[in-house]
Amino acid sequence: MASEHDNCHLCKEYLRDPVSIPCGHVFCSICLKTYWDHADHTGSYMCPQCRVTYNKRPTPRRVGGSRHSSLQRNSEPFPPPPPSPDYNVAGPQDVGCDICVGKKNKAVKTCLMCLASYCERHLKPHYESATFKRHKLVDEIGHLDRQICPQHQKGLELFCRTDQMCICVLCTVKEHKGHDMVSAEQERADEQQRLGATQAEIQEKIHDRLKQMEELKQAVDALKTSAQRALQECDKMFGDMMRSIERMQQEMAKLMSSNKRAALNSAEGHMERLNHEISDLKRRDNEITQLSRTEDHIHFIQSYHMLIAQTENEELPTVMVNPYFTFDPVNKAVSEMKQHLNEFGNEEMVKVAKTVNKMTFCELEDGKKKRSLRAEEAPVYRSVHVHEPQHRDDFLKYVCQLTLDPNTAYRQLHLSRGNRKATLKRDPQSYGDNASRFDSLPQVLCMEALSGGAYYWEVDWSGEGAAIGVTYRGIKRTGYGDSCRIGYNRKSWSLFCSDASYSARHNKDQIETHAPYSSRIGVFLDHAGGTLSFYSIGESMSLIHRFKASFNEAVYPGFWVWYESAITLIQL
């Protein structure tokens with residue numbers, strides 16, 4: 001049976017002359033042409049599968065990769081005949097009977113003497129006639145050519161241990177004369193024993209792996225318990241610290257209140273004494289005024305000497321007021337305490353983070369070489385969790401400089417401008433072989449891994465269509481399937497841009513969004529906070545779409561680029 005990826009979304013039949021459009025979906029060329037010819041009067045063109053809209057009619061491109069090469073060889077001239085209800089008829093993936101004329105039935109057996117495959121009806125003579133008694137029948141597995149000697153066109157019956165290959169009887173006469181040869185059955189028996197040993201080894205590895213899995217599960221449970229216990233203890237200790245700070249706040253309030261009361265009591269005592277002295281002085285001033293007006297000279301003289309003596313012997317203390325007295329030093333001291341606490345807390349948090357990050361929960365051991373599961377081969381940016389900014393100037397505080405990785409680039413993607421621009425060309429580039437390269441899809445990843453914080457970058461795109469996104473390192477690199485395409489699986493998220501619309505994609509979900517058109521897209525990733533946001537950049541920033549996700553490992557910015565299209569990483 002053909003997979004759904006090998007069927008046209010429009011006609012539901014096997015793909016014939018497959019073509020691809022900018023969003024990446026593949027259709028029969030005649031089906032897509034008919035579909036879009038009917039849309040000519042509307043002026044807009046929509047992908048029949050994902051509903052992405054284009055203002056201009058895109059130019060479909062023929063698919064010539066590994067996925068469709070076999071389809072093109074096996075496809076029949078269209079329109080195809082209607083499917084037959086007879087399940088005995090050989091389909092595109094079946095081996096047909098060599099005897100049937102016209103419509104061929106499925107072959108069920110292959111004769112190594114006749115070198116032909118037979119359906120159930122044409123196989124009967126091999127069972128009923130003595131002529132075919134010595135013929136050898138095997139199950140039809142679709143590899144008859146592998147059962148025949150390519151030089152003598154005879155069935156392979158022997159095994160040459162000298163050359164480690166299957167041979168026919170005629171090969172013993174010349175090519176393999178004098179070699180160590182045994183029957184295929186004998187070699188099969190010997191190899192079956194070795195296969196049994198290999199199977200026992202595999203089963204032992206399975207047992208070992210199951211044991212390790214159980215140990216890992218127990219360790220995970222212990223890890224969860226330990227993390228919960230540590231979280232509770234940390235909450236308690238932070239609560240104690242906050243209560244300690246509250247006690248310090250209360251002690252500081254008491255100290256300030258006590259000093260205020262002491263200062264006020266002292267001032268009130270001085271004011272009471274001054275009031276008393278002022279009253280006494282006013283009384284004597286009044287007596288002096290009355291004495292000055294008396295006409296009794298004897299009384300004046302006697303009173304004068306008494307008043308003068310009293311005034312001359314009296315010394316009044318001076319009340320000194322400090323004009324600079326204030327409680328501002330208290331504010332300064334508390335402010336310095338706060339700063340010291342912040343600095344100390346940050347230093348201690350860095351120490352704690354370093355200690356925790358150095359601890360490896362589990363790792364892969366490959367002989368003498370150990371590779372931690374936490375390690376990344378590319379540089380990893382790290383930062384702290386923040387609230388998403390609102391203005392472009394705020395976003396620019398989180399800018400990270402990115403570089404396209406030539407080792408991941410599809411062979412027809414041309415990288416330029418210091419590996420910051422990718423353009424899909426018709427001619428393949430001279431890239432070396434690399435297991436990280438996308439072999440069938442026009443995609444490329446960045447070298448930098450982003451983890452544990454907030455990052456911002458901007459991308460210019462041009463042409464008929466491009467996709468901008470992020471992916472885990474483990475995304476599949478070979479083939480055309482959804483497991484390889486950025487945004488079409490659980491390991492990646494993307495925004496597809498066309499001249500008429502945007503489409504946000506993750507796993508099986510696809511959301512059409514409407515935002516002002518822009519050739520420049522801003523991307524904000526809060527890895528720790530679990531958000532990935534795309535913005536249309538013009539006179540202002542307009543949110544296109546925001547993904548919410550729990551990123552459990554570092555992500556790499558990645559891009560899909562259509563024909564005659566390009567993306568450019570902007571240096572900010």
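Shown above is the structure to which this text applies.
Everything in this summary refers to the structure shown in the same document. (Residues numbered from 1 in each chain as written. Predicted model: local features only at pLDDT ≥ 70, side-chain atom pairs only at ≥ 80, totals over all residues. Heavy atoms only, no water.)

Details of the sheet that holds strand E9 (residues 158-160)
No. 1: Reading across from one edge, E10-E9-E11 is the order of the 3 strands in this open sheet, with antiparallel pairing throughout. Each edge of the open sheet is held by one strand with a lone partner, namely strand E10 (165-167) and strand E11 (181-183). The average angle at which neighbouring strand axes cross in this sheet is 35°, direction not considered.
No. 2: Here E9 pairs with E10 via 3 bridges, running antiparallel. Across the sheet, the residue bridging to Leu 158 is Ile 167, located in E10.
No. 3: Sitting on the sheet, helix H4 (residues 184-293) touches E9 and E11, and the angle it makes with E11 is about 90°. (Pairing = 2+ DSSP bridges. Helix = DSSP H or I, 4+ residues; strand = E, 2+ residues; numbered from the N terminus. Axes fitted to C-alpha atoms, helices over the stretch in contact; angles between N-to-C directions. Contact = heavy atoms within 4.5 Å.)

Describing the sheet that holds strand E7 (residues 116-118)
No. 1: A sheet is described by the order of its strands in space; here 3 strands give the open sequence E7-E6-E8, paired in antiparallel fashion. Edge positions in the sheet fall to E7 and strand E8 (137-139), since each of these pairs with one other strand and no more. Each strand axis lies, on average, 35° off the axis of its neighbour in the sheet, ignoring direction.
No. 2: Where strand E6 (residues 109-111) and E8 come together, 3 bridges link them in antiparallel fashion. Paired with Thr 110 across the strands is Val 138, a residue of E8.
No. 3: Set on the sheet, helix H3 (residues 120-128) makes contact with E6, E7 and E8; between it and E7 the angle comes to about 110°.

Focus on the nonpolar core
No. 1: In this structure, Leu 404, Trp 457, Ile 521, Leu 532, Phe 534, Phe 559 and Ile 567 are the most contacted members of the largest nonpolar core, which totals 65 residues.
No. 2: A total of 5 residues in this core trace back to one element, the largest contributor, which is strand E20 (residues 466-472).
No. 3: Once residues within four sequence positions are removed from consideration, Phe 559 is found in contact with Leu 404, Pro 442, Gln 443, Val 444, Cys 446, Val 459, Ala 467, Ile 468, Ile 486, Ile 567 and Leu 569.
No. 4: Counting 7 residues, the second-largest nonpolar core is a separate cluster that includes Phe 395, Tyr 456, Phe 524 and Tyr 535. (Core = buried A, V, L, I, M, F, W, Y, C linked by side-chain atoms within 4.5 Å. Buried < 20%, exposed > 50% of the residue type's maximum accessible area, 1.4 Å probe, protein only.)

Overview of helix H1 (residues 29-37)
Residues separated by three or four positions in an α-helix point in the same direction, a consequence of the helix having 3.6 residues per turn.
No. 1: Residues of H1 that are buried: Ser 29, Cys 31, Leu 32 and Trp 36. When H1 is viewed along its axis, its buried side chains cluster within an angular range of 165° and face the same direction.
No. 2: Along its buried surface, H1 packs onto strand E1 (18-20), strand E2 (26-28) and strand E3 (45-46). (Arc of directions from axis to C-beta.)

Some details on the environment of Ser 519
No. 1: Assignment of secondary structure puts Ser 519 in the loop between strand E23 (509-513) and strand E24 (520-526).
No. 2: Of the residues examined, Ser 519 reaches a relative accessible area of 34% and is grouped as partly exposed.
No. 3: As for Ser 519 and Gly 538, which are separated by 19 residues in sequence, their C-alpha atoms are 8.9 Å apart.
No. 4: Filtering out sequence-adjacent residues up to four positions away, Ser 519 remains in contact with Val 459, Asp 460 and Trp 461.

A look at the state of the cysteines
No. 1: Summed over all chains, the structure comprises 0 disulfides.
No. 2: No disulfide involves Cys 171; its sulfur sits 3.5 Å from the nearest other cysteine sulfur, which is in Cys 168. (Disulfide = S-S within 2.5 Å.)

So, the packing of aromatic side chains
No. 1: Taken as a whole and assessed by the stated rule, the structure comprises 12 aromatic pairs.
No. 2: Centre to centre, the rings of Phe 395 and Phe 524 are 5.3 Å apart; their planes meet at 80°, and the pair counts as edge-to-face. Taken together, the residues span a long stretch of sequence, with Phe 395 in helix H7 (residues 392-395) and Phe 524 in strand E24 at a distance of 129 residues.
No. 3: On the basis of relative accessibility, which here comes to 1%, the residue Phe 395 falls in the buried class.
No. 4: For Phe 524, a relative accessible area of 0% gives the class buried.
No. 5: Taken together through their ring pairs, the aromatic side chains of Phe 395, Tyr 398, Tyr 456, Phe 524 and Tyr 535 make up a single cluster.
No. 6: The positively charged end of Arg 485 is found above the aromatic ring belonging to Tyr 488, 3.9 Å away from the centroid. (Phe/Tyr/Trp six-rings, centres within 6.5 Å; stacked < 30°, edge-to-face > 60°. Lys NZ or Arg CZ within 6 Å of the ring centre and 35° of its normal.)

Things to note about the pattern of salt bridges
No. 1: Tallied over the full model, the rule gives 17 salt bridges.
No. 2: Ionic pairing is found between Asp 433 and Arg 411, a salt bridge with its closest N-O pair at 2.8 Å. In this pair, Asp 433 is assigned in the loop between strand E16 (421-424) and strand E17 (443-445) and Arg 411 in the loop between H7 and strand E15 (413-416), connecting sequence segments 22 residues apart.
No. 3: According to the relative accessible area criterion, Asp 433 is exposed, its value standing at 74%.
No. 4: Of the charged contacts, one joins Asp 460 and Arg 520 as a salt bridge, the two residues approaching to 3.2 Å between their closest N and O atoms. With a gap of 60 residues between them, Asp 460 in strand E19 (residues 454-462) and Arg 520 in strand E24 connect regions that are remote in the sequence.
No. 5: Residue Asp 460 is classed as partly exposed on the basis of its relative accessible area of 23%.
No. 6: For Arg 520, a relative accessible area of 24% gives the class partly exposed.
No. 7: Several salt bridges converge on common partners, so that one network encompasses Arg 161, Glu 187, Asp 190, Glu 191 and Arg 194. (Salt bridge = Lys/Arg side-chain N within 4 Å of Asp/Glu carboxyl O.)

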